[in-house]
Amino acid sequence: MIQFNELLLALFMTSCLMLAVSSRLLHCIRLVALQGIILGILPLSLAGMSGAGGNWTMAVINLTLKGVLLPLLLLLAMKKAGVKRELEPIVGYSFSAAAVLLMALCSFYLGRILQLPSGASALAGIAIPAAFTTVMTGLFLIIARKKALTQVIGFLVFENGITLFGAAVMREHPVIVELGILLDVLVLVFIMGITVFQISREFSHIDADRLNQLDDISTGREVQR
């Protein structure tokens, strides 16, 4: 069972690296869905290893929302916006891979010096660095990518890292807190999906950084007046 959980965590961290080097939005959405599936399996696996009852509620929620529903919403937004790739990221893909690897090294160092609570799972020493890596990868995607859809994916990755940290530190999930986070993420995806669709109707791109030019354009018009 321990080897199976380690394999899941290794696959989870590998998905972070693949998200950083992938330019295809469809590939990124599939990787986020994979993370959601792992987050649905991991609580049951950890509970079984500790001899406790499985947290079926959070497993079903993670599998349904993070593994199926949210990726489908992202896929719908991608089709509506008519965008398939992140062609000109703020940070190049080679440097992004190096940055994620550096984040992973820093995460394992932090995991070694972190004082774990008594209720932490047996795999907390690996799961916590994986969670830190995921959180930092999500923040990195938000900052280093231009497309609004990719930034939404980064936010979902960030939230997946928080969920993984909760699974590592606590043997029983705080269901109410997790449901509140998932609800915020669901609302965010709905809002960003509508926003991306409206941007794609008005402009020929959905690069979030170009929205800064709207202020320059409006300022120039005021000067001309």
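Residues numbered from 1 in each chain as written. Predicted model: local features only at pLDDT ≥ 70, side-chain atom pairs only at ≥ 80, totals over all residues. Heavy atoms only, no water.

1. Looking at the nonpolar core
A general tendency of soluble globular proteins is for nonpolar side chains to be buried together. Grouped together as the largest cluster of nonpolar side chains are 19 residues, with contacts concentrated most on Leu19, Leu74, Leu149 and Ile153. Of all the elements in the fold, those that place two or more residues in this core are helix 2 (25–50), helix 3 (56–81) and helix 6 (148–169). Met13, Ile38, Ala127 and Leu164 belong to the second largest nonpolar core, which has 12 residues in total. (Core = buried A, V, L, I, M, F, W, Y, C linked by side-chain atoms within 4.5 Å. Buried < 20%, exposed > 50% of the residue type's maximum accessible area, 1.4 Å probe, protein only. Helix = DSSP H or I, 4+ residues; strand = E, 2+ residues; numbered from the N terminus.)

2. A look at the environment of Phe140
Tracing the backbone through its elements, the reader meets Phe140 in helix 5 (residues 124–144). Expressed as a C-alpha distance, the spacing of Phe140 and Phe155, which sit 15 residues apart in the sequence, is 9.6 Å. With residues up to four places along the chain from it excluded, the contact list for Phe140 reads Val91, Ser96, Ala99, Met103 and Arg145. (Contact = heavy atoms within 4.5 Å.)

3. Things to note about the side chain of Thr133
By the secondary structure assignment, Thr133 is in helix 5. The exposure class assigned to Thr133 is buried, which follows from its relative accessible area of 1%. Engagement of the side chain of Thr133 in a polar contact is seen with the side chain of Ser107, the distance being 3.2 Å. Contact partners of Thr133, with chain neighbours within four places excluded, come to Met13, Val100, Met103, Ala104 and Ser107. (Polar contact = N/O pair within 3.5 Å; in protein donor to acceptor, adjacent residues only side chain to side chain.)

4. Section: the packing of aromatic side chains
Under the counting rule described, the total for this entry stands at two aromatic pairs. Relative to Phe165, the ring of Phe132 has its centre 5.8 Å away and its plane inclined at 20°; by these criteria the two rings are stacked. Of this pair, Phe132 sits in helix 5 while Phe165 sits in helix 6; the two residues are 33 residues apart in sequence, bridging distant segments of the chain. (Phe/Tyr/Trp six-rings, centres within 6.5 Å; stacked < 30°, edge-to-face > 60°.)

5. Quick look at the environment of Thr137
Of note, Thr137 is situated in helix 5. Taking the C-alpha atoms as reference points, Thr137 and Ala99, 38 residues apart in sequence, are found 8.7 Å from one another. Residues in contact with Thr137, not counting those within four places in the same chain, are Cys16, Val100 and Met103.

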